[in-house]
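Structural description and commentary
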Amino acid sequence: MKPYLKRAWAEVSLAALKNNVSVIKKLNSPETEIMAVVKADAYGHGDEHIIKCLANDCEIKYFAVSNLDEAIAVRNFCPEAEILILGYTPPEYAHEIAMYNIIQGVVSKEYAESLTKNTPDPIRCHIKIDTGMGRIGLRYDSPQECAAEIAEIMKIGKINVEGIYTHFAVADSDSADNIAYTDRQEQFIIKTDDALKEMGIRLDHVHFMNSAATCYRNSPKSTLSRAGIILYGLHPDIALDIPSALRPVMELKAVISQVKNVESGTCISYGRTFTADRKMRVATVTIGYADGYSRLLSSKGEILVHSKRCKIIGRVCMDQLMIDVSDIPEAKSGDIVTLIGRDGDEIITADELAAIYGTIGYEVVCGISKRVPRIYID
Ligand SMILES: *Cc1c(COP(=O)(O)O)cnc(C)c1O
């Protein structure tokens, strides 16, 4: 392991990642393979180690990313991988898509044409269908019309349509209305595939499962399960349980730089939003919002010190924050504290932090900044 500055760091457990892959494999039917979603630096976990572990130790063949730079990174780590770009690539980069043997998500006939105009080489693609997310993709009232347009795209030539896919908007909800909505999205893509088959077009891939669908409505009709957040052991939605065997992959740690005894009336941090109402012991911790530990956790978040929860007092600063360690007499300078992760019987998850300030665990882990070294443990 490379030496690193013991100030604020993220411990990324490859053992937890491997465990999660095997849990997901058990959720999927034999017809379905995992497509590991490793966009955004593998959800903040660090793309290189995560991708190599998935490819070499977990035999993952399919990867999904958001853009061409991420796709080329995957290609460099793993020459054999099948790599799908879920988002937009400017057509002038069509040559790179072909050169790196990447599969581009195609959202319209015009886009497919503009790709082919920019390279003499054939481009591999999966066509994105907007069945209800309202984001990108072909949008039609009927599966028949949608299939007819896909057939038109196939006639362009030099654009090899290998699959179709769609993205669910509310697969992470158990309300009857939302379940019916997702049912309609799923039916639309399956019927589009049926209509293509009637036209004699057989595709290698039809996929629609994200993490939530993989957990709550797994279907053998989806040839790939595009698993993102559950790979990293977090919830698609905090309100719904995920299989208990999934384990969070990332822990976030920092150290205590100083401990002081303060008198009643002492103000703590910017803005004087916290004033001690008694004698207290206050510890300063070496992490702040520039590390991706949100300022919205000011006076709200908790941190584990010697296996106990301590409250953040006052505002989270750019590089530091203060906590109340009045009940932890043994706390001292140099002690390691846990902002995300387990310490003894206590655990703080990224999902718990997210709930405090009204976001999702996805944003918490993606937001851990590049100043924070990722340390890989097995
Ligand atoms: C990000 C993304 C996923 C993965 O979503 P999770 O909820 O993390 O599983 C799957 N498909 C598409 C199109 C995405 O953009």
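Coordinates for the structure precede this section.
Read on for a plain summary of the structure. (Residues numbered from 1 in each chain as written. Predicted model: local features only at pLDDT ≥ 70, side-chain atom pairs only at ≥ 80, totals over all residues. Heavy atoms only, no water.)

**Examining the overall build of the protein**
Put simply, the test is: Under the DSSP-based scheme used, a helix requires at least four consecutive residues in state H or I and a strand at least two consecutive residues in state E, with every element numbered from the N terminus. Think of it in three bands: with a 1.4 Å probe and only protein chains considered, a residue is buried below 20% of the maximum accessible area for its type, exposed above 50%, and partly exposed in between. Contacts are residue-level and defined by heavy atoms, with any inter-residue pair within 4.5 Å sufficient. Areas reported here follow the Shrake-Rupley algorithm with a probe of radius 1.4 Å; residue values treat only the protein chains shown as occluding. We score Asp and Glu as negative and Lys and Arg as positive, and we do not count His or the chain ends. Charge positions come from single atoms, namely NZ of Lys, CZ of Arg, CG of Asp or CD of Glu.
Broken down by element type, the protein carries 11 helices and 19 strands. Dimensions of the protein, computed from the C-alpha atoms along their principal axes, are close to 80 × 45 × 40 Å. Burial analysis of the protein (378 residues in total) assigns 55% to the buried set. The contacts in the protein between residues at least 6 apart in sequence include a share of 65% that link residues at least 24 apart. Surface accessibility of the protein: about 16700 Å² in total, with carbon and sulfur atoms responsible for 50%. A distance of 5 Å separates the average location of the 43 positive side-chain charges in the protein from that of its 51 negative side-chain charges.

**Some thoughts on the site of the ligand**
Keep this limit in mind: Only heavy atoms are used to decide nearness, and a residue is near a molecule or strand if one of them lies within 4 Å of it. Two N or O atoms form a polar contact when they lie within 3.5 Å of each other; inside protein one atom must be a possible hydrogen donor and the other a possible acceptor, and for residues adjacent in sequence the pair counts only when both atoms belong to side chains. Just so you know the grouping, Ala, Val, Leu, Ile, Met, Phe, Trp, Tyr, Cys and Pro go in nonpolar, Asp, Glu, Lys and Arg go in charged, and all remaining residues, Gly too, go in polar.
Close contacts around the ligand come from Val37, Lys39, Tyr43, Leu86, Arg135, His167, Asn210, Ser211, Arg226, Gly228, Ile229 and Tyr362, and that covers them all. Between the ligand and lysine 39, the relevant distance is 2.8 Å, taken from an oxygen atom to a side-chain nitrogen or oxygen of the residue. A distance of 3.0 Å separates an oxygen atom of the ligand from a polar backbone atom of glycine 228. Its free accessible area being 390 Å², the ligand has 92% of it covered by the protein chains. For the shell around the ligand, the residue count by class is 5 nonpolar, 4 polar and 3 charged.

**Things to note about helix 8 (residues 176-198)**
The following threshold applies: The length a helix should cover is 1.5 Å for every residue beyond the first.
An ideal rise of 1.5 Å per residue puts 33 Å on 23 residues; helix 8 measures up with 32 Å between its terminal C-alpha atoms. Burial in helix 8 covers these residues: Thr182, Gln185, Glu186, Phe188, Ile189, Ile190, Thr192, Asp193, Ala195 and Leu196. Among the structural elements, strand 6 (123-129), helix 7 (143-155), strand 7 (159-166) and strand 8 (205-207) are those in contact with the buried residues of helix 8. One or two residues past the end of helix 8 sits glycine 200, with phi positive at roughly 85°.

**Thoughts on the packing of helix 3 (residues 47-57) against helix 4 (residues 68-77)**
Applied cut-off: Every axis in this analysis is a line fitted to C-alpha atoms, fitted for helices over the stretch in contact. Angles between the N-to-C directions lie between 0 and 180 degrees. Should an angle fall under 35 degrees it is taken as roughly parallel, and over 145 as roughly antiparallel, whereas 65 to 115 is taken as roughly perpendicular and any remaining angle as oblique. When the near helix sits turned anticlockwise from the far one by under a right angle, the crossing is termed left-handed; a clockwise turn instead gives a right-handed crossing.
Where helix 3 contacts helix 4, the two axes come as close as 10 Å, and the packing angle between them is 55°. On the basis of their axis angle, the class for helix 3 and helix 4 is oblique. Read as a crossing pair, helix 3 and helix 4 show a hand that is right-handed. Facing Asp47, Glu48, Ile51 and Lys52 of helix 3, the residues of helix 4 in contact are Ala73, Val74 and Phe77.

**Considering the nonpolar core**
Heads up, the rule is: Among the buried residues, those of types Ala, Val, Leu, Ile, Met, Phe, Trp, Tyr and Cys that are joined through side-chain atoms within 4.5 Å form a nonpolar core.
The biggest cluster of nonpolar side chains holds 118 residues, and the ones touching the most others in it are Val38, Leu54, Phe63, Tyr293, Leu321 and Ile323. The dominant element in this core, judged by the number of residues it contributes, is helix 1 (residues 14-27), at 6 residues. Those residues in contact with leucine 54, other than ones at most four positions away along the chain, are Leu17, Val21, Ala36, Val38, Glu59, Ile60, Phe63 and Leu231. Judged by nonpolar contacts, the second largest core, of 8 residues, contains Val262, Ile268, Val282 and Cys317.

**Concerning the packing of aromatic side chains**
So the rule is basically this: Working definition: rings of Phe, Tyr and Trp (its six-membered ring) pair if their centres are within 6.5 Å, and the pair is stacked with planes under 30 degrees apart, edge-to-face with planes over 60 apart, and tilted otherwise.
Inspection of every chain in the model, using the stated rule, returns 5 aromatic pairs. Summarising the aromatic geometry, the rings of tyrosine 88 and tyrosine 111 are spaced 5.7 Å apart at their centres and angled 40° between planes, so their arrangement reads as tilted. Here tyrosine 111 lies in helix 6 (residues 109-117) and tyrosine 88 lies in the loop between strand 4 (82-85) and helix 5 (94-99), a separation of 23 residues in the sequence. Here the aromatic residues Tyr43, Tyr232 and Tyr362 are joined through ring pairs into a cluster of three or more.

**Details of the packing of helix 1 against helix 3**
It is the contact of helix 1 with helix 3, at a shortest axis distance of 11 Å, that shows an interaxial angle of 50°. Classified by the angle between their axes, helix 1 and helix 3 sit oblique to one another. In terms of crossing hand, the pair formed by helix 1 and helix 3 is right-handed. Note on element contacts: helix 3 touches helix 1 through His49, Ile50, Cys53, Leu54 and Asp57, opposite Leu14, Leu17, Lys18 and Val21. In terms of residue class, the contact of helix 1 with helix 3 is built from 6 nonpolar, 1 polar and 2 charged.

**What to know about the pattern of salt bridges**
Spelled out, the test is: Salt bridges are defined as contacts in which a side-chain nitrogen from Lys or Arg sits within 4 Å of a carboxyl oxygen from Asp or Glu.
Scanning all chains against the criterion turns up 25 salt bridges. Close ionic contact of arginine 217 with aspartate 183 constitutes a salt bridge, the shortest N to O distance being 2.8 Å. Of the two residues, arginine 217 sits in the loop between helix 9 (211-216) and strand 9 (224-227) while aspartate 183 sits in helix 8, which places them 34 residues apart along the sequence. Look at arginine 217 and you get buried, because its relative accessible area is 16%. Counted as one network, the salt bridges with shared partners bring together Glu302, Arg309, Lys311, Glu346 and Glu352.

**Quick notes on the environment of isoleucine 60**
For isoleucine 60, the position within the fold is in the loop between helix 3 and strand 3 (62-65). Isoleucine 60 has contacts with Val21, Ile34, Ala36, Leu54 and Ala55, leaving out every residue within four places of it along the chain.

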